[in-house]
Amino acid sequence: MTAFVEYLMTGIARGLVFALLAMGFVFIYRVTRVVNFAQGAFAVFGGFITYSLLRAGVPQGVSELLAILAAALIGLIFGIITIAGDLPLLASLIITIGLSILSEAILMLIWGTTPITYSGLTGHDFVILGAFIQRQYLIVVLASLALFALVALAFGRTYFGKAMTACASNPYAAKLSGINVKRMGLVAFMLGGALGGAAGVLITPLSPMTYDADVSLAITGFAAAIVGGLTSPGLAVIGGLVFGLAEQFVAGYWSPSNETAVALALLIILLLWQARRMRLEGLE
Amino acid sequence: MKLLESVEQPTPNGSIPSDALLATYNLVVRYGAAVALDGVSMYVGKGEMVALIGPNGAGKSTLLNTLSGINRPAAGKIICNGKLAHVPEGRQLFPELTVEDNLRLGAYRGGSRDPSPMYELFPQLHRLRHRRAGGLSGGEQQMVAIGRALMAHPDIVAVDELSQGLAPIVVSDIANHLVSLNKQNGTAVLLVEQNAQLALDITSRAYVLENGRISKEGRSADLARDPAVHKAYLGGQVSR
Ligand SMILES: Nc1ncnc2c1ncn2[C@@H]1O[C@H](COP(=O)(O)OP(=O)(O)O)[C@@H](O)[C@H]1O
Ligand SMILES: [Mg+2]
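Student: Tell me about the overall build of chain A, and please be specific about residues and values.
Tutor: Each helix and strand in chain A was counted, giving eleven helices and two strands. Ordered by position in the sequence, the α and β elements of chain A form the string α-α-α-α-β-β-α-α-α-α-α-α-α. Whereas a compact globule of 284 residues would reach a radius of gyration of roughly 19 Å, chain A reaches 19 Å, a difference of no more than 12%. By its C-alpha atoms, chain A is 60 × 45 × 35 Å across when sized along the principal axes. Expressed as a percentage of the 284 residues in chain A, the buried residues total 51%. If you sum the accessible surface of chain A, you get close to 12700 Å²; carbon and sulfur atoms cover 71% of it. When the 13 positive and 11 negative side-chain charges of chain A are each reduced to one mean point, those points stand 14 Å apart.

Have a look at this one:
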């Protein structure tokens, strides 16, 4: 029972982090139709920048916030490189893969290859049903839920958010209404950067961050986003939770070395299921 | 939009008044190597209702998209002395947003976002205002599309294929709204139509576009009596 509660808490926390990454995929895809494979890099930058800021004596809280802002800026730069040139979608997609490789090189040059970590908010661990849970897990859950609520309010309720939805829904009509669809794409990249950065900031205290963690983070985030067909933020959150929990229970009850394989297997099943669903919808 | 300088000469068929609200001079638009508009000169005066008829593929939608800045002209010139709003072919709503949000987004360029004037114009939209636009009937969607365009407070509204896919009674209802809007607010209308009868009935002037060129222009009533127009676009029916 104790182990079960531990896996459950860890799975939920990690799942919410994956959900943050997945939301980044979803926002960028909806507005630009680009699958941003550099999404994991935002998280790695977020973790490493927080680490350096904390070591430089910047207070906790401020460091995390600055790292998220920096990730948003990186997102904007990646967005400009990816979509500013009116390239075919496939070219944009390849550029994001290139940006992911470039990010690894930059991260390695600046921070080296040693994994880093920092402690999250310090304080006593707490006990649920006999299981010791690190306080950071609670932080992750609360912070990601707060971020989801913020994003839902900002994009579901405001005029600007509706304009962004309009770009995703019908770019031609959005242009006719005077919405600058390309600029909205850049805003989406910034948002993706911030969400990815937040994911990295939150997960680094739980499992050390390495310069090359972006690929596995991106794959899990992408898999979670696929649950909602890359377009539904709500389903992406559910997808993140499914992957977070599956990973923890496989690692806990079976073997830690199988967790990535299981995530990939789940991803392939999901992709096949999505392809079938799209084919069926296409036939209607 | 980049306006290309070119000779500003009167068109062969008639001159463009200098106080026209909207005018094109020898407009050329290409898709790759294909020429969609081949030297189109036309105009819409202040408060005027003008029809643009012509067969499928003539370039009518291309012309509207060029006026709206979606397509770039390869040559020629566009003069617009007012605000243009475009009701695109196929309505092109934001299906997952509500009727009200669709309307409000029409005011994105500025001005009041209050949709209530549109509920006065199309009263049935008021009770549908919280419904998703994608779930509406074709006629209701066309009203939302027109309402969204009017939310930009335009001096001229260009409507592409008003009647497409709509029952005749719905078409005449919406057409009446356009006419009264024109009478009451002085909003100019450029009406693109496959249904030439309707278009020539409610407008005062018309152009016939064929293969990217204006093949005929004149008073709508005269064009409706023109044997060639009659044969090609009015299905041989005898008009009033
Ligand atoms: N986006 C496009 N790309 C290439 N060709 C196009 C495009 N849109 C229209 N065309 C072509 O341009 C011509 C004019 O089309 P269009 O303006 O849609 O005509 P209409 O609205 O009068 O039916 C047609 O031959 C059409 O095939
Ligand atoms: Mg057309």
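Student: Quick one: what's the story with the overall build of chain B, residue by residue and with numbers?
Tutor: When helices and strands are counted, chain B shows nine helices and nine strands. Taken against the 2.2 N^0.38 rule, which gives 18 Å for 240 residues, the C-alpha radius of gyration of chain B at 18 Å falls within 12% of a compact globule. For chain B, long-range pairs separated by at least 24 residues make up 69% of all intrachain contacts whose partners lie at least 6 apart in sequence. If you sum the accessible surface of chain B, you get close to 10700 Å²; carbon and sulfur atoms cover 48% of it.

Student: Describe the coordination of the magnesium ion (ligand 2), and please don't skip the residues or the numbers.
Tutor: Residue and element names in this part refer to chain B. Every protein donor of the magnesium ion (ligand 2) is accounted for by Ser61 (OG) and Glu89 (OE), and the metal-donor separations fall at 2.1 to 2.2 Å. Separated by 28 residues along the polypeptide, Ser61 in helix α1 (residues 60-67) and Glu89 in the loop between β5 (84-87) and α2 (99-105) bring together distant segments of the chain. Its relative accessible area of 29% is what places Glu89 among the partly exposed residues.

Student: Tell me about the environment of Leu107(A), and name the residues and values.
Tutor: Tracing the backbone shows Leu107(A) in helix α4 (residues 89-111). A sequence separation of 73 residues divides Leu107(A) from Val34(A), and the C-alpha atoms of the two residues are 24 Å apart.

Student: Explain a nonpolar patch on the surface residue by residue, including any values.
Tutor: A surface patch of nonpolar side chains, amounting to about 410 Å² of accessible area, comprises Leu90(A), Ile94(A), Ile97(A) and Ile101(A). Its location among the elements puts Ile97(A) in helix α4.

Student: An account of the pairing of strand β2 (residues 34-44) of chain B is requested, with residue identities and associated values reported.
Tutor: Residues and elements named next belong to chain B. Of the strand pairs in this sheet, strand β1 (residues 22-31) and β2 are connected by eight bridges, and their pairing is antiparallel. Its bridge partner being in β2, Leu22 is matched across the sheet by Val44. Between β1 and β2, which follow one another and run antiparallel, lie two residues, and Gly32 among them has a positive phi close to 60°.

Student: Please provide a residue-by-residue account of the interface of chain B and chain A, values included.
Tutor: Contact with chain B, which involves 20 residues of that partner, is made by 17 residues of chain A. In total, chain B and chain A occlude about 1700 Å² of area from one another, counting both sides; carbon and sulfur atoms represent 64% of this. Three residues, Phe94(B), Leu105(B) and Tyr108(B), lead the burial of chain B against chain A; their summed loss comes to 35% of the area buried on that side. Our enumeration of links across chain B and chain A arrives at one salt bridge. Here Lys162(A) ties to Asp101(B) by a salt bridge, and the two come within 3.2 Å at their closest N and O atoms.

Student: Give me the lowdown on the site of ligand 1, citing residues and values where you can.
Tutor: All names here are of chain B. In the vicinity of ligand 1, the contacting residues are Tyr31, Ala36, Pro55, Asn56, Gly57, Ala58, Gly59, Lys60, Ser61 and Thr62. Between Asn56 and ligand 1, the recorded distance is 3.2 Å, taken from a side-chain N or O atom to an oxygen atom. At 3.2 Å from an oxygen atom of ligand 1 is found a main-chain nitrogen or oxygen belonging to Ala58. Out of a free accessible area of 560 Å², ligand 1 has 56% covered by protein chains. Counting residues per element, the shell around ligand 1 draws most heavily on α1, at three residues.

Student: Describe the layout of surface pockets, listing the residues and the values that go with them.
Tutor: Residue and element names in this part refer to chain A. Taken as a whole, the largest pocket spans an internal volume of roughly 530 Å³. Lining the largest pocket are 21 residues, with Thr32, Asp86, Lys175, Val181 and Lys182 positioned closest to its centre. When residues of the lining of the largest pocket are traced back to their parent elements, those giving at least two are α1 (2-32), α3 (62-83), α4, α6 (159-169), α7 (171-176) and α8 (181-203). Estimated volume of the second largest pocket: approximately 380 Å³. In this structure, the second largest pocket is lined by 18 residues; those nearest its centre are Arg14, Ser216, Leu217, Thr220 and Glu247. Elements that contribute at least two residues to the lining of the second largest pocket include exactly α1, α9 (214-227), α10 (233-253) and α11 (259-283). Across the lining of the second largest pocket, the residue classes break down as ten nonpolar, five polar and three charged.

The rules we used
Residues numbered from 1 in each chain as written. Chains lettered and ligands numbered in written order. Predicted model: local features only at pLDDT ≥ 70, side-chain atom pairs only at ≥ 80, totals over all residues. Heavy atoms only, no water. Helix = DSSP H or I, 4+ residues; strand = E, 2+ residues; numbered from the N terminus. Rg over C-alpha atoms; globule rule 2.2 N^0.38 Å. Buried < 20%, exposed > 50% of the residue type's maximum accessible area, 1.4 Å probe, protein only. Areas by Shrake-Rupley, 256 points an atom, 1.4 Å probe, with all protein chains shown as cover. Lys, Arg positive; Asp, Glu negative; His and termini not counted. Charge placed at Lys NZ, Arg CZ, Asp CG, Glu CD. Contact = heavy atoms within 4.5 Å. Donors = N, O, S within 2.8 Å, 3.2 Å for Na, K, Ca; no water. Patch = residues over 30% accessible without salt bridge, like charges linked within 9 Å, V, L, I, M, F, W, Y side chains within 5 Å. Salt bridge = Lys/Arg side-chain N within 4 Å of Asp/Glu carboxyl O. Pairing = 2+ DSSP bridges. Buried area = accessible area lost by both parts, 1.4 Å probe. Near = heavy atom within 4 Å. Polar contact = N/O pair within 3.5 Å; in protein donor to acceptor, adjacent residues only side chain to side chain. 1 Å grid on protein atoms, 1.4 Å probe; cavity = no way out; pocket = protein on both sides within 12 Å on 5 of 7 lines; lining within 4 Å. Points joined across faces, edges and corners; volume = space filled by probe spheres on them. Nonpolar A, V, L, I, M, F, W, Y, C, P; charged D, E, K, R; others polar.

Any link to function would need more than the numbers given here.
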